[in-house]
Structures are given as structure tokens and as C-alpha cells.
Amino acid sequence: MNACWPNSIADRIFQLYMLDYLDGWQILAVLLLPLIYLCRRPIKIAYFNILQSVLKRRVKFSDCYIGQLKYVGGIDISFVKDDAVHACISLVVLDIESLETVFSRNKMIHMTCEYIPGYLAFRETPHISKLLKKVRDDCPMFYPDVLIVDGNGRLHRKEFGLACQTGVTCDIPCVGVAKNLYQMEGCLRDNEHKSAIDKLKSPGDKFEIRNKKNTVIGCALRTTAASTKPVYVSEGHRVSLDTACRVVAKCSKYRVPEPVRLADILSREALRQSEKS
DNA sequence: GCGACAG
DNA sequence: ATCTTGTCGC
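Residues numbered from 1 in each chain as written. Chains lettered and ligands numbered in written order. Predicted model: local features only at pLDDT ≥ 70, side-chain atom pairs only at ≥ 80, totals over all residues. Heavy atoms only, no water.

Turning our attention to the protein's contact with DNA strand B. Among the 21 residues in the neighbourhood of DNA strand B, the closest are listed as Gly118, Asn152, Lys179, Asn180 and Gln183. Within the side chain of Asn180, an N or O atom sits 2.9 Å from a phosphate oxygen of DNA strand B. Residues that form the surface near DNA strand B fall into these classes: eight nonpolar, seven polar and six charged. (Near = heavy atom within 4 Å. Polar contact = N/O pair within 3.5 Å; in protein donor to acceptor, adjacent residues only side chain to side chain. Nonpolar A, V, L, I, M, F, W, Y, C, P; charged D, E, K, R; others polar.)

Bringing a nonpolar patch on the surface into the picture now. Taken together, the side chains of Leu28, Leu31, Leu32, Leu35 and Leu38 present a nonpolar region at the surface, about 410 Å² in accessible area. Along the chain, the position of Leu35 falls in helix α3 (residues 33-36). (Patch = residues over 30% accessible without salt bridge, like charges linked within 9 Å, V, L, I, M, F, W, Y side chains within 5 Å. Areas by Shrake-Rupley, 256 points an atom, 1.4 Å probe, with all protein chains shown as cover. Salt bridge = Lys/Arg side-chain N within 4 Å of Asp/Glu carboxyl O. Helix = DSSP H or I, 4+ residues; strand = E, 2+ residues; numbered from the N terminus.)

Turning to the packing of aromatic side chains, a few remarks are in order. Taken as a whole and judged by the stated rule, the model has six aromatic pairs. Look at Phe48 and Phe122: their rings are 3.8 Å apart centre to centre, the planes differ by 5 degrees, and that puts the pair in the stacked class. A residue pair is termed long-range when its members are at least 10 positions apart, and Phe48 in helix α4 (residues 41-56) and Phe122 in helix α5 (residues 120-138) qualify at 74 residues. A residue is classified by how much of its surface remains accessible, and Phe48, at 0% relative accessible area, is buried. Given a relative accessible area of 1%, Phe122 falls into the buried group. Feature note: the residues Tyr37, Phe48, Tyr119 and Phe122 constitute an aromatic cluster, connected by ring pairs. (Phe/Tyr/Trp six-rings, centres within 6.5 Å; stacked < 30°, edge-to-face > 60°. Buried < 20%, exposed > 50% of the residue type's maximum accessible area, 1.4 Å probe, protein only.)

All residues in the neighbourhood of DNA strand C are listed as Ser78, Phe79, Lys81, Lys179 and Arg268. Residue Lys179 places a side-chain N or O atom 3.3 Å away from a phosphate oxygen belonging to DNA strand C. Arg268 is positioned such that a nitrogen or oxygen atom in its side chain is 3.3 Å from a phosphate oxygen of DNA strand C.

A word on the pairing of strand β6 (residues 206-210). Relative to strand β7 (residues 216-221), β6 runs antiparallel, the two sharing five bridges. Looking across to β7, one finds that Glu208 is bridged to Cys219. A loop of five residues connects β6 with β7, the two strands running antiparallel in sequence, and Asn214 in this loop sits at a positive phi of about 70 degrees. (Pairing = 2+ DSSP bridges.)

Ranked by internal contacts, the top residues of the largest apolar core, which has 24 residues, are Ile75, Ile89, Leu91, Ile128, Leu132, Leu147 and Val149. Going through the elements one at a time, β1 (71-79), β2 (86-95), β3 (101-110), α5, β4 (146-150) and α6 (162-170) are the ones with two or more residues in this core. Not counting the four nearest positions on each side in its chain, Ile75 is found in contact with Ile89, Ser90, Leu91, Ile128, Leu131, Leu147, Ile148, Val149, Asp150 and Ala263. In terms of nonpolar packing, the next biggest core, distinct from the first, is built from 23 residues, Val92, Val247, Val248 and Val260 among them. (Core = buried A, V, L, I, M, F, W, Y, C linked by side-chain atoms within 4.5 Å. Contact = heavy atoms within 4.5 Å.)

Moving on to the environment of Lys70. Structurally, Lys70 can be placed in the loop between α4 and β1. Classification of Lys70 as partly exposed rests on a relative accessible area of 43%. Taking the C-alpha atoms as reference, Lys70 lies 5.7 Å from Ile96; in sequence the two are 26 residues apart. Among the polar contacts made by the side chain of Lys70, one reaches the side chain of Asp95 at a distance of 3.2 Å.

Right, here's the structure in full:
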């Protein structure tokens, strides 16, 4: 059963309202979101489509940093096996030069929305934005300058995936990193794609991924010498694809960039600890 | 309508 | 997302 109200919804509406992201009708639209979580899948999808297109108008696929890039944040959510509700979300903040953890926080949550491919953001963004807001209030000195989430940004059917929605909702520069290719028309795991992967020889090598409309929406990036399989990097918000790739390449010791990797380890560990007690 | 499908 | 040890190779 997912018949419960997301307790973050008030925060979310307020946040969007304050950022001047929503007019009257759109506020109504977001107010209805918890009700929509209870509806059937086709209704959810129709509604999510509308919200995506509303929020998409705010996304910026260009570099607009304020100040210097110092802290990189990573977000990940881990789940309990056979339990669709209980999960743990972790935020890790690293110094981009030394790659040392300067801050981390995790929190037990319960998911209110099922996973629908293409609409991952509606499942994860409420929790991410809540955690970020808390960090911004409690320890603003460690608030990340750029955030890496594990999920796509612009590399998405509607060019508006998790990283975009998180970036826009929280108004933070955001990069999307996916471990698998999100397949859609014009971008498939076919032989052409596989042969392009084979051409990636050294860390930092990448190739563009294009839309059906021939727009560059993301990159396959080889992060280390050891990993044959690339990660898929795309713009989230307030970063260009070029910058996104540079940030990801810079903080990759292993295939998955450190912030996301450490967040994954931390949230998994926290989940195991809470299971014992 | 059917299949594919980030986490 | 989750289950899951060792093992082969640089």
C-alpha cells in the first residue's frame, strides 16, 4: 500500500512557490500530487507528464556557478529487500580536489510513490529536497556547490529526468549519472552503441548520445582504466554537459564517481544497522 | 496494443 | 533498487 501522504509535500510547495516556479494553477497542480500518488498508474503518468513539462521550463543547461567549485555532493537511496516502503537516503559531500569526505548525513525514509520508469524523479526528489533543505539550514558551510545524483538528467524521454527535477526543485547545480543506459527511441543498446563503447580506451574518453531529434542529450563516459562499461552523464540543472563530464571524471576513482559511490555505501550500511536493532 | 524500462 | 563468492587477470 502506498496510501499515505508524503510529509514533504508542504515543504515542496512552499519551496516552489518561494522560488517563483509556480503560478496559481500550478500550485493547485502540486497540491494535488499526494492525491495523485493514490491514483492508478495511467492517471499518475498523465499527471507527472504535466508537472514535468511545467518544471522543465525552469531548467538551465548552461554553466551558472556562483563562486568557485569546491564541494561536490552525492545522493543515493537504498532499499530493504522485499520492502517497497522502507529506505535510507544518504548525502555525502566531498572536497573536489582531495576527494575527502567533509560531510555526510543519512536518514531513514518511507517511499510514497512506486517506481515508474521515466518518472523516477517523483519517487526520489521529495526526499532529496527535504534532506538538502535540512543541510542548508543546519550546516550551510557544507552545502554542496554541485550535486551528483544517480539517475539521468537530460538523457531522458522528455529531456527532464531526476537530475533536472532535483536541480530545479532545489535550485542547485546538478549532474545526472546513470549506471545503465536509459533506452528510448533513437538511443538504444544496439550494436552501434556497443561498438562506440569499444572505442573508449582511456579514462575521460566519451561519446555523445543523441535524441531522435538529433539533440545531444548526454554522454557515455569512461571513468577509469579498469572499467570497460561507461557511465552515462547528462546535464541536470545549471551545468553544461562539458562541465558535467569534467566534474564526473574528476571525482572518479572507480567506475561510479566517489560522491555517489560513497553515498551508496553509507546508505546501505545505515540500513543494515537499523535492521539489526 | 505491445514491449522496453534510469533507480 | 535487491540477491551474491570467489575468481580470473593486470
